[in-house]
Amino acid sequence: MPAAAPTGGSTYNRKSRRAWQAKKKAIAKSDNPEGLKEQPDNSLFGKKRRHQSEGADEAEPATKGQKTAQRARAPVLKTDPAVQLAANRKKSEKAAKKSPSGGKHPFKAGAGAGSAYADKATKKKGEVADSKAHSRPHKEAVKASLHAWERLRAEKTSPKEREELIDGVLDSFKDSMVQVLQKHDAARVLQSCYRLGTQAQRDELMKRVKGQVAPLSLSHYGHFFVMCVVRHGTMAHKQALMAELNGHVAELVAHAEGSAVLQLIYTSVASIPQRNAFYRELWGKEFALLRQVEHSDLAKLFEADPACKPRVLRRLENLLSKAARKGLGMTTIVQRGLADLLQHADSAQQALLATTLKEAAPHVMHTRDGARIASNCVRHADAKDKKAILKAVKGYVVKAACDPNAALVLCTALEVVDDTVLLRKTLLSELLSELPTLCVDAHGSLPLLSVLAPRDKRYFDAAQLSVMGKQGDGNSKKDADTRRAELLQVLLPPLCRLCEMSGARLARSPHGGSVLYECLKAASDGVADVDKALRALATVALKPAGAEAGEEEQAAGEKEEEEKGEVEEEAEEEEEEEEEQQEQEQEQEQ
């Protein structure tokens, strides 16, 4: 039997493994790992060796016994320092668990060295424990309050027992109320204590957080307690919160948690004078501190003091743009400020703000101030941004047309966008698909009337026109009459067909009658054929009184008879199917 081929040492042999590791280290440090024969005058395996004697013109090969000076190589890191540090920490923890005198040491040191190392590890572990205890000074109180929380919020708990539990929680947090409100668990406990507690307990809670409402409103967990007071507290407690937030509105409006508190107080608690006072704080620090100005909007302020206009607009732009970039543009006070800023800013600022707010405009146009923002964005944005806004609205045009504020944004788009092909694809295509519904709707008819009768005061009041903005303002380049003629070519033919088929229904509706009148008036200029629509209206008008109602009743009766006949036919078919099934079952039994 032939002898087996020699093989390398087993990797499970400690001696062989160490030899192989040493060999790998030597290869890694070598300049010639392949073991090639070094040639003279060759710099491939290191720096070129030159003869040290003076006057030598060419390099000479180094002799066998000559030693060449080599630069010391930097040590190569074989392991990640963070991983090595974690491994050392684990070793120290293991050593600390063992006996400090005479136990085995991981590095096989002597008994004295092992004892010193273990003492050091134990000391370090104690320092870590002390630091954790220092970071959680209220751990035991919070833990006890959580057990009480499970009982006090249960429905089966009696009022007397709940009151005692809340008193116990308040006693445990007697000197640390504001600190524990920064904790996620303790904040929930104290919210339940305020919501379920007695009036005396609520007053005690408000007394302990007095003077700390503004910092709590900026806290990730503490602001939930402030919102709990706003939702469930008495009017006196709510007014106390508002008094402490005075002077901090500019700080809250651009903060994620603070804006939520401000929005809740601004919309559900503050009166109109208090809202105006909050809004004035956004104009500048002097308005927040001195409180000598009582103007409710920027128009009155600039009329009384024109010199402050650049300063106030710059302040508003910096603050509100920061809030909008953080995604906080949905709050009411921010929308109010952005709408006023777009209205009073110069053309350069308006164009810049329109670019900044183009993504938020479709999401805020359902509110009054949001519609002002969206209308100004459509009016002052460039062609690319206008296209982006209209594409964002695509699919929601009918819903927007039936909204009292969003419908005005569509009217503005039909008034200022030069690309009529884009308007036809995005807005008019969806409006024409729901013409019978929109024509008789109080708000859905406004986009149609904005093309048929632009800015007619019979259909648009002063407040609606102010939301749409000044006529002719913006960066539109196309003539208004040319734009209207192109839109009428798309809008009038389906409108005339609707007037022909449902003229009587439109005439009986106050809003449909307006659309009918303006449609026939615009079509009389030769844009569309109105003879059929007029003939249908004349036929309806010549019918005697009550004839149309009788026809409708007759049609309704016929429809009911048809429905009854269909029901009877379905019942007969079901009976026949049942009989067939019974016959099949009898045949199978036989």
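Residues numbered from 1 in each chain as written. Predicted model: local features only at pLDDT ≥ 70, side-chain atom pairs only at ≥ 80, totals over all residues. Heavy atoms only, no water.

Engineer: Any chance you could explain the overall build of the chain here in plain terms?
Structural biologist: What the chain contains, in helices and strands, is 32 helices and zero strands. Sorting the 590 residues of the chain into buried and exposed places 37% on the buried side. Counted over contacts in the chain with a minimum sequence separation of 6, partners at least 24 positions apart contribute 66%. By element, 52% of the accessible surface of the chain is carried by carbon and sulfur atoms, the whole surface being about 36600 Å². (Helix = DSSP H or I, 4+ residues; strand = E, 2+ residues; numbered from the N terminus. Buried < 20%, exposed > 50% of the residue type's maximum accessible area, 1.4 Å probe, protein only. Contact = heavy atoms within 4.5 Å. Areas by Shrake-Rupley, 256 points an atom, 1.4 Å probe, with all protein chains shown as cover.)

Engineer: Sorry, what's going on with the packing of aromatic side chains here?
Structural biologist: The description of an aromatic ring pair uses the distance of the two centres, along with the angle that the planes make with each other. This model, assessed by the stated rule, comprises two aromatic pairs. On the numbers, 6.1 Å between centres and 75 degrees between planes, the contact of Tyr 194 with Phe 225 is edge-to-face. Within this pair, whereas Tyr 194 is found in helix α7 (residues 184-196), its partner Phe 225 is found in helix α10 (residues 222-232), the two being separated by 31 residues in sequence. Taken individually, Tyr 194 and Phe 225 each receive the classification buried, so the pair is uniform in this respect. Aromatic side chains Tyr 279 and Trp 283 sit 5.6 Å apart centroid to centroid with 80 degrees between the ring planes, which places their arrangement in the edge-to-face category. Here Trp 283 falls in the buried class, since its relative accessible area comes to 1%. (Phe/Tyr/Trp six-rings, centres within 6.5 Å; stacked < 30°, edge-to-face > 60°.)

Engineer: Got a minute to help me understand the nonpolar core in this structure?
Structural biologist: Burial of nonpolar side chains together is a common tendency in soluble globular proteins. Ranked by internal contacts, the top residues of the largest apolar core, which has 128 residues, are Leu 190, Leu 282, Leu 298, Val 312 and Ile 333. Ranked by residues supplied to this core, first place goes to helix α29 (residues 480-508) with nine residues. Setting aside residues no more than four positions away along its own chain, Val 312 makes contact with Trp 283, Phe 287, Leu 298, Leu 301 and Phe 302. (Core = buried A, V, L, I, M, F, W, Y, C linked by side-chain atoms within 4.5 Å.)

Engineer: How should the packing of α10 against helix α13 (residues 256-268) be read in this particular structure?
Structural biologist: Relative placement of two packed helices is described by the angle separating their axes and the distance separating the axes. Packing of α10 against α13 leaves a shortest axis separation of 10 Å and a crossing angle of 10 degrees. Regarding the angle of α10 to α13, the classification is roughly parallel. Here α10 contributes His 223, Val 226, Met 227, Val 230 and Arg 231 to the contact with α13, which in turn contributes Glu 257, Ala 260, Val 261, Leu 264, Ile 265 and Ser 268. Here the residues of the contact of α10 with α13 sort into seven nonpolar, two polar and two charged. (Axes fitted to C-alpha atoms, helices over the stretch in contact; angles between N-to-C directions. Parallel < 35°, antiparallel > 145°, perpendicular 65-115°, else oblique. Nonpolar A, V, L, I, M, F, W, Y, C, P; charged D, E, K, R; others polar.)

Engineer: What is the right way to look at the pattern of salt bridges in this model?
Structural biologist: If the charged atoms of two oppositely charged side chains come close together, the side chains can form a pair. A full pass over the atoms with the stated rule returns 13 salt bridges. When the shortest N-O distance is used, the salt bridge between Glu 415 and Arg 379 registers 3.1 Å. Of the two residues, Glu 415 sits in helix α24 (residues 406-416) while Arg 379 sits in helix α21 (residues 368-380), which places them 36 residues apart along the sequence. Of the residues examined, Glu 415 reaches a relative accessible area of 19% and is grouped as buried. Between Arg 455 and Glu 415 there is a salt bridge, and its shortest N-O distance comes to 2.9 Å. Residue Arg 455 is found in the loop between α27 (446-452) and α28 (462-468), and its partner Glu 415 is found in helix α24; the two are separated by 40 residues along the sequence. What emerges from the salt-bridge pattern is a single network uniting Asp 340, Asp 369 and Arg 372. (Salt bridge = Lys/Arg side-chain N within 4 Å of Asp/Glu carboxyl O.)

Engineer: How should I be thinking about helix α22 (residues 383-393) in this particular structure?
Structural biologist: Because each turn of an α-helix spans 3.6 residues, side chains separated by three or four positions in sequence point in the same direction. Every buried residue of α22 is listed here: Asp 385, Lys 386, Ile 389, Leu 390 and Val 393. Around the axis of α22, the buried residues are gathered within 135 degrees of arc, so they sit on the same side. As for α22, its buried residues are in contact with α19 (347-357), α20 (361-364), α21, α23 (397-401), α24 and α25 (420-433). Once α22 finishes, Gly 395 follows within two positions and takes phi at roughly 100 degrees, a positive value. (Arc of directions from axis to C-beta.)

Engineer: Help me understand a positive patch on the surface in this model?
Structural biologist: Together, Lys 387, Lys 391, Lys 394, Arg 424 and Lys 425 make up a region of like positive charge exposed at the surface. Breaking the positive patch down by element, the ones donating at least two residues are α22 and α25. Tracing the chain through its elements places Lys 387 in helix α22. (Patch = residues over 30% accessible without salt bridge, like charges linked within 9 Å, V, L, I, M, F, W, Y side chains within 5 Å. Lys, Arg positive; Asp, Glu negative; His and termini not counted. Charge placed at Lys NZ, Arg CZ, Asp CG, Glu CD.)

Engineer: How should I be thinking about the confidence of the model for the chain in this particular structure?
Structural biologist: Do not read the fine detail of predicted coordinates wherever pLDDT is low. Summary statistics for the chain give a mean pLDDT of 79 and a share of 75% for residues scoring 70 or more. For the chain, per-element mean pLDDT is lowest for helix α3 (residues 111-135), which scores 50, and highest for α10, which scores 93. The low-confidence segment residues 1-6 (pLDDT under 50) makes zero contacts with residues lying over four places distant or belonging to another chain. Segment residues 44-67 is flagged for pLDDT under 50; beyond a separation of four residues in sequence, or across chains, it makes 18 contacts in the model. (pLDDT = per-residue confidence, 0-100.)

Engineer: When you look at the packing of helix α4 (residues 139-152) against helix α5 (residues 159-172) in this model, what are you seeing that I'm missing?
Structural biologist: Look at α4 against α5: their axes get within 10 Å of each other, and the N-to-C directions meet at 165 degrees. One way to sum up the angle between α4 and α5 is to call them roughly antiparallel. Both α4 and α5 take part in a crossing whose hand is left-handed. Residue-level contacts link Ala 141, Ser 145, Ala 148, Arg 151 and Leu 152 of α4 to Glu 161, Arg 162, Leu 165, Ile 166, Val 169 and Ser 172 of α5. Across the contact of α4 with α5, the residue classes break down as six nonpolar, two polar and three charged. (Left-handed = near helix turned anticlockwise from the far one by under 90°.)

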